[in-house]
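In case you want the letters, here they are:
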Amino acid sequence: MVAERFGFAGRLLAAAVVLALPAVGLRAEGRPLRILTSFYPMYVHALNVAWAVNGVRVGNLTEPITGCLHDFQLTTVHMRALADADVLVVNGGGMESFLDKVIAQRPGLKVIDASLGIEFIRGAGGDGHEHGTGGVNPHVWVSPELAIRQVRNIAEGLATIDPARAGDYRANADVYVGKLEALRSRMRVELGPFLGRRVVTFHETFPYFAREFGLEIAAVVQRDPGTEPSPKELAETIDLVRSAKVGAVFAEPQYPMAGAEAVRRETGVKLGLLDPVVTGPDSPPEARDAYLRAMERNLSVLKETLR
Ligand SMILES: [Zn+2]
């Protein structure tokens, strides 16, 4: 079924590629360099790196309401965007495995893996859900420290592909990384008092974040986002919250939270929303600071709930 879908999509792509202009280097005069990102956090980072750089356009492949790319289905609209792109920025770690065949069919497309050199968390911290491959957890961008590494990777990738504008990309990355560093330092100071606190999260999104700020994830419920936990899973979570001194339970704004609500009702534990920044405003001025703003909100939520 999957192969069939890709086969069909592949034919569409082949047709589209014939119409598209050739890739970088052979671009027609005046045509902007088209950078396409796989999903929202990559869009926000690439937007910052390419901010106000002449002759460059940044677009996002998936709608900013898509969230994590779970079970993502490519449509002809996405295929057209891919056929038109010069550069594709991906998170890596298997998040974009649905694009593997498309990328293979477009050898001219330059792909920047934002997670280059980042060591993924494996095993129990890895995915119960669909988008991790080989049991690695792809949600690295949720950690500001690793987001900074991703921004640097994106800037270096663009500098290599488009050397004429390398200085612009690096200068922009410096400015953005400066903001991320400032945010990160403040988060470390302000979350310092909560070091070692146990939390329960829904969906396997926060291991990198928790590791960075010294929180302990006692349990992850609802590994398949968008589905509610089973009654058994819920009962086990309630027991754990009661017995393991769990300080707070965190749900995500992108997914249903009836399960988390039930845990709160049963145990009286505090419930907060942590935003993994997979959704947000899509227009450039607002999207530019979306990661920084979401992390500011996460910081307030953590201080509120863990107090
Ligand atoms: Zn996810």
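Residues numbered from 1 in each chain as written. Predicted model: local features only at pLDDT ≥ 70, side-chain atom pairs only at ≥ 80, totals over all residues. Heavy atoms only, no water.

(A) Looking closely at the overall build of the protein. Check the secondary structure of the protein and you find 11 helices and 10 strands. Approximately 13400 Å² of the protein is accessible, and the part contributed by carbon and sulfur atoms is 55%. (Helix = DSSP H or I, 4+ residues; strand = E, 2+ residues; numbered from the N terminus. Areas by Shrake-Rupley, 256 points an atom, 1.4 Å probe, with all protein chains shown as cover.)

(B) Here's a closer look at the coordination of the zinc ion. At this site the zinc ion is bound by Cys68 (SG), His139 (NE2) and His203 (NE2), with donor distances of 2.1 to 2.6 Å. All donors to the zinc ion come from one chain, and their sequence spacing reads C-x70-H-x63-H. Linking Cys68 in the loop between β2 (56-60) and α3 (76-84) with His203 in the loop between β7 (198-202) and α7 (207-213), this pair joins segments that are 135 residues apart in sequence. (Donors = N, O, S within 2.8 Å, 3.2 Å for Na, K, Ca; no water.)

(C) Summary view of the environment of Met187. The topology assignment puts Met187 in helix α6 (residues 166-191). Met187 gets classed as buried once you look at its relative accessible area, which sits at 0%. With near-sequence residues (within four places) excluded, Met187 lies in contact with Pro144, Gly192, Phe209, Phe213, Met295 and Leu299. (Buried < 20%, exposed > 50% of the residue type's maximum accessible area, 1.4 Å probe, protein only. Contact = heavy atoms within 4.5 Å.)

(D) Unusual backbone geometry, seen in detail. Although it is not a glycine, Ala52 sits at a positive phi angle of roughly 60°. Exposure remark for Ala52: the relative accessible area of 70% places this residue in the exposed category. Phi at Val277 is positive, roughly 60°, even though this residue is not glycine.

(E) The arrangement of the sheet that holds strand β10 (residues 270-273) in detail. A sheet is described by the order of its strands in space; here four strands give the open sequence β8-β7-β9-β10, paired in parallel fashion. The sheet terminates laterally at β8 (216-221) and β10, the two strands that pair on one side only. Each strand axis lies, on average, 25° off the axis of its neighbour in the sheet, ignoring direction. Here strand β9 (residues 246-251) runs beside β10; their pairing, made up of four bridges, is parallel. Within β10, the position partnered with Phe250 by the bridge is Gly272. Where helix α8 (residues 231-243) meets the sheet, its contacts fall on β7, β8 and β9, and the angle it forms with β8 comes to roughly 160°. (Pairing = 2+ DSSP bridges. Axes fitted to C-alpha atoms, helices over the stretch in contact; angles between N-to-C directions.)

(F) Geometry of α8. The terminal C-alpha atoms of α8 lie 18 Å apart, and with 13 residues this matches the ideal 18 Å at 1.5 Å per residue to within 8%. Those residues of α8 that fall on the buried side of the exposure criterion are Leu234, Thr237, Ile238 and Val241. The arc enclosing the buried residues of α8, seen along the axis, measures out at 100°, which places them on a common side. In α8, those exposed residues whose orientation departs by more than 90 degrees from the buried face are Lys232 and Ser243. Contact partners of the buried residues in α8: β7, β8, β9 and α9 (258-267). Note on α8: the residue one or two positions beyond its end, Lys245, has a positive phi of about 50°. (Expected span 1.5 Å × (residues − 1). Arc of directions from axis to C-beta.)

(G) Structural context of the side chain of Thr201. Tracing the chain through its elements places Thr201 in strand β7. Take Thr201: its relative accessible area is 2%, and that puts it in the buried class. Those residues in contact with Thr201, other than ones at most four positions away along the chain, are Phe206, Ile217, Ala219, Val220, Val221 and Phe250.

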